[in-house]
Amino acid sequence: MMRQFHAAAVERRKYFKGEISSHPMEAGWAGEAIFFLIVEELKGKNVRVNAFVEISADGINWIREGAAFPVIDQPGHYFCKVSHFGNWLRINGEISGEEAEVKASVHLHLKS
């Protein structure tokens, strides 16, 4: 049997302040997921991004899943793997630092 695969560009080159939060994605058919967080710019002083995966039963109310990205303090490509997640997925997190702003993209790859 051939496995199903889907790649989604959830956010593209978007500026975030205070909080980084992606659009929710329905992924109930998939058995595994990988979020990619591509950070192009960190503006401000002592900028740090603490991002993590969240799950939801209804796509409205969110709970931390447990998987988290490493603390991000420089531009680069980061990823986080998830399994056993139900239907709804997103990433969320805090951006700290003086006048902190982050330019980033979020991609989600799903596989059955």
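Just so it is clear, the model here is predicted, and its values are computed rather than measured.

Engineer: So, the overall build of the protein chain: which residues are in play, and what are the values?
Structural biologist: Counting its regular elements, the protein chain contains 0 helices and 7 strands. The N-to-C order of helical and strand elements in the protein chain reads β-β-β-β-β-β-β. Expressed as lengths along the three principal axes of its C-alpha atoms, the size of the protein chain is roughly 50 × 25 × 20 Å. By residue count, 43% of the 112 residues in the protein chain fall in the buried class. Sequence-distant contacts, at least 24 apart, represent 81% of the contacts inside the protein chain between residues at least 6 apart. Carbon and sulfur atoms provide 50% of the accessible area of the protein chain, an area that totals close to 6500 Å².

Engineer: Quick rundown of the environment of Glu26? Include the residues and the values.
Structural biologist: Mapped onto the fold, Glu26 is located in strand β3 (residues 25-26). It is 4.7 Å that separates the C-alpha atoms of Glu26 and Trp88, two residues lying 62 residues apart in sequence. Those residues within four positions of Glu26 in sequence are excluded, and the remaining contacts are Asn87, Trp88 and Leu110. A polar contact of 3.3 Å, which involves the side chain of Glu26, links it to the side chain of Asn87.

Engineer: Describe in detail the pattern of salt bridges, supporting the description with residues and values.
Structural biologist: For the structure on display, the rule yields 9 salt bridges. Lys43 serves as the salt-bridge partner of Glu41, at 3.6 Å between the closest nitrogen and oxygen. Take Glu41: its relative accessible area is 28%, and that puts it in the partly exposed class. Salt bridges sharing common partners tie together Arg13, Glu40, Glu41, Lys43 and Lys103.

Engineer: Report on the packing of aromatic side chains, specifying residues and quantitative values.
Structural biologist: We describe a pair of aromatic rings using the distance from one ring centre to the other and the angle between the two ring planes. Applying the stated criterion across every chain, the model contains 0 aromatic pairs. A cation over a ring is seen here: Arg64 above Phe52, with NZ or CZ 3.6 Å from the ring centre.

Engineer: How would you summarise the pairing of strand β6 (residues 76-83) if you had to cite specific residues and measurements?
Structural biologist: Because side chains alternate across β6, one face comprises the buried residues Gly76, Tyr78, Cys80 and Val82, and the other comprises His77, Phe79, Lys81 and Ser83, none of which is buried. Here strand β4 (residues 32-56) pairs with β6 via 8 bridges, running antiparallel. Bridge pairing in β6 places Val39 opposite Gly76.

Rules used throughout
- For every chain, the first residue of the written sequence is number 1, and numbering continues from 1 along that sequence.
- Residues qualify for local features only when their pLDDT is at least 70, as the model is predicted, and side-chain atom pairs are given and counted only at 80 or more; totals for whole chains, interfaces and linings, by contrast, use all residues.
- As a convention, hydrogens and water are excluded, and side-chain values are obtained from all of the structure's heavy atoms.
- Helix and strand labels come from DSSP, where a helix needs a run of H or I of at least four residues and a strand needs a run of E of at least two; each type is numbered from the N terminus.
- Burial here depends on accessible area, computed with a 1.4 Å probe over protein chains only, as a share of the maximum for the residue type. Under 20% is buried, over 50% is exposed, and the range in between is partly exposed.
- Whether two residues touch is decided by their heavy atoms; if any such pair falls within 4.5 Å, the residues are in contact.
- The Shrake-Rupley method, run with a 1.4 Å probe, gives the accessible areas here. Residue values count only the displayed protein chains as cover.
- What qualifies as a polar contact is a pair of N or O atoms within 3.5 Å, subject to a donor-acceptor requirement within protein and to the restriction that residues adjacent in sequence count only when both atoms come from side chains.
- Within this document, salt bridges are pairs made up of a side-chain nitrogen of Lys or Arg and a carboxyl oxygen of Asp or Glu, the two lying within 4 Å of each other.
- The aromatic pairing rule takes the rings of Phe, Tyr and Trp, using the six-membered ring of Trp, and pairs them if the centres are within 6.5 Å, calling planes under 30 degrees apart stacked, those over 60 edge-to-face and the rest tilted.
- As a reminder, the over-ring test applies to NZ of lysine and CZ of arginine, requiring each to be within 6 Å of the ring centre and within 35 degrees of the ring normal.
- The criterion for strand pairing is that DSSP finds at least two bridges linking the strands in question.

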